[in-house]
Amino acid sequence: MTKKRLKSVALATSLTLLALACLSLSSCSNIDLGLDSETSNATVDDKKSTATTIDNTITLEQITEDVSYLASDELKGRDNFTLDIRHAADFIAKRFNEVGLTTAKSAPNFKQQYSVQRITPNTLTVEINGQAISSELLSMATTKTEFSWHSNAQENNQPVNMVMIGEDDNMRKSLRELNNQGGQHLVLLHPKHEESFKRYQSYFAQGLTKLVTKNATEQGGVIVMALTDISKAKTFSVKGNATVTDTTLSNVVGILPGKSRANEVVLYSAHYDHLGIKPSIDDTSNSQSQTPTEIYNGADDDASGVSAIINLANHFAQMGNNERTLMFAAFSAEEIGGFGSRHFSTHVEPTSITAMINIEMIGKPAMFGDGTVWMTGMDRSNLGEQLNQALAPQNLKVYADPYPKQNLFYRSDNATLARLGVPAHSFSSTQLDKDQHYHQVTDDINSLNLPSMLQVIKMLAIATTPLVDGSITPSRIDPNKVKRNGLIY
Ligand SMILES: [Zn+2]
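Residues numbered from 1 in each chain as written. Predicted model: local features only at pLDDT ≥ 70, side-chain atom pairs only at ≥ 80, totals over all residues. Heavy atoms only, no water.

Some words on a positive patch on the surface
We count it as follows: Put simply, a patch holds well-exposed residues, over 30% relative accessible area, that have no salt bridge, with like charges counted together within 9 Å and Val, Leu, Ile, Met, Phe, Trp or Tyr side chains within 5 Å. Accessibility throughout is a Shrake-Rupley quantity obtained with a 1.4 Å probe, and a residue counts as covered only by protein chains that appear here. Whenever a carboxyl oxygen of Asp or Glu lies within 4 Å of a side-chain nitrogen of Lys or Arg, that contact is scored as a salt bridge. Under the convention used here, Asp and Glu are negative, Lys and Arg are positive, and both His and the chain ends fall outside the count. The atom standing in for a charge is NZ when the residue is Lys, CZ when it is Arg, CG when it is Asp and CD when it is Glu. Runs of H or I in DSSP of at least four residues are treated as helices and runs of E of at least two as strands, each being numbered from the N terminus. Only protein chains enter the accessibility calculation, which uses a 1.4 Å probe; a residue whose area is less than 20% of its type maximum is buried, one above 50% is exposed, and one in between is partly exposed.
Together, Arg172, Arg176, Arg199 and Lys483 line one region of the surface with positive charge. Note that Arg176 resides in helix 5 (residues 171-181). A residue is classified by how much of its surface remains accessible, and Arg176, at 42% relative accessible area, is partly exposed.

What follows is the structure in structure tokens.
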């Protein structure tokens, strides 16, 4: 690479950063940067193009258009198992094409298809010491369609682990351990845990979703819970079955091929699925009648993030200075277990991903003010540090996750890639502790602060430019320090 280019690239980067700094000073395209004549000639073009670039490539008008459509009633809350989500995928693919992205081998027409299985419990009977346990005191989480267990172990095709959770035991912890083990477990749960039992019972009753992978059958397992004061099971007989429905879902993936470091990938991602439609039961009229359905538009969660990656793609496609390859992925199935990103992760070489910028809920201002953003897992790689070094000259910064107790590092798609060692973090501006709209029907376009969202997207464009042009390379995350997913639920 010739010097000038370096200079201009470097210059471009710092100019763009300057352009952003101006953001806080409202419109600034006529600011004199006081550069020397020689540079000024070069930079005037750069300045003109760069300064205006970010104002032209990431606009309030366009992000509003994108987020408004994604969060529109027309898409009915983008539920994974509906046709509506396919319309959302078509829209994102159309936008990726418009901004100039190309397709990946694993995603013809920008669609990366994968299959999931929904396993919905059907019948369950449990007898302990010859006593039948009534169904309202039973619950099962199963990835198997059929199972039959007897206290006479020879009759079981797989070992059955008998577990007692006593009144002083930590139910959540015990179940998590069984979930991490996989296999088959019969749990006798002390009645003191009734309240938590009810919560698990209704969660498990919805059924489980599993990614269809080659070795899906080996994995998985069954947990059967009986709420009982029986403390010793001398004999038992358990029979259960479930219905399996296969469904095809899609991620939407587009690429901006790199130049000098094309084999290194910077991944920008968000999830485009949400909660869909929930019939609300109106019991005021004393008759349990169906009232008009209520749509979970998911404007903030995560139509805002999807709009961000579309417009970041537009920005970098216009800039055309990405030394590294940029990948833009809109995942499905984040709300039901992150199956989109799990499938995606089987189609990339983790070591080739330099960093993952997962954008999650940036539609409303953070606690640090309009246009500010925070990231999860800042202590797990030095990406945050590096981004802040790039931003420091302009008194801008990416903050650390202000809600560490909420475990947010694990609550979005970044965790899947972090488990593979990628410096994968979510960037957000949500005030989760105060957000009245989170997973509510009121999370619609009217609840968003679009100028703040615009600033966040511009901030992310500026902050990640050193990643894009190859001037920074963050440290890897230690996969051993990232908790695994459960094998059953
Ligand atoms: Zn979300």
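Digging into the packing of helix 3 (residues 60-70) against helix 11 (residues 450-468)
The criterion, for reference: Axis lines are fitted through C-alpha atoms, for helices just across the contact stretch, and the angle between N-to-C directions can take any value from 0 to 180 degrees. Throughout this description, any angle smaller than 35 degrees is read as roughly parallel, any larger than 145 degrees as roughly antiparallel, any in the 65 to 115 degree range as roughly perpendicular, and the remainder as oblique. Working rule for contacts: check all heavy atoms of both residues, and any pair within 4.5 Å makes them a contact. When residues are grouped by polarity, Ala, Val, Leu, Ile, Met, Phe, Trp, Tyr, Cys and Pro land in nonpolar, Asp, Glu, Lys and Arg in charged, and all others, Gly among them, in polar.
Running from N to C, helix 3 and helix 11 point in directions that differ by 105°, and their axes come no closer than 10 Å. Relative to helix 11, the element helix 3 lies roughly perpendicular. For the pair formed by helix 3 and helix 11, the contact residues are Leu60, Ile63, Thr64 and Val67 on the first element and Leu450, Pro451, Met453, Leu454 and Ile457 on the second. For the contact of helix 3 with helix 11, the per-class residue count stands at eight nonpolar, one polar and no charged.

Digging into the sheet that holds strand 8 (residues 221-227)
The condition that has to hold: Pairing between two strands is assigned when DSSP locates at least 2 bridges connecting them.
Read from one edge to the other, the open sheet built from four strands follows the order 3-8-6-5, with strand pairing classed as mixed. Unpaired on one side and paired on the other, strand 3 (138-142) and strand 5 (160-165) mark the two borders of the sheet. Ignoring which end each strand starts from, the neighbouring axes of this sheet average 15° apart. Relative to strand 8, strand 6 (residues 183-189) runs parallel, the two sharing seven bridges. By the bridge assignment for strand 8, Leu186 is matched with Val224. Sitting on the sheet, helix 5 is in contact with strand 5, strand 6 and strand 8, with an inclination near 170° to strand 5. Set on the sheet, helix 6 (residues 194-205) makes contact with strand 3, strand 6 and strand 8; between it and strand 3 the angle comes to about 45°.

Some remarks on the coordination of the zinc ion
Counted only if it meets this: Keep in mind that water is not among the atoms, so a site may look incomplete; donors are the N, O and S atoms within 2.8 Å of the metal, or 3.2 Å for Na, K and Ca.
Note on the zinc ion: its protein donors are His271 (NE2), Asp301 (OD) and Glu360 (OE). The metal-donor distances range over 1.9 to 2.5 Å. Along the chain, the residues donating to the zinc ion are arranged with the sequence spacing H-x29-D-x58-E. Remark: Asp301 occurs in helix 7 (residues 299-319) and His271 occurs in strand 10 (residues 261-271); sequence separation between them is 30 residues. Asp301 shares its class with His271; the two are buried.

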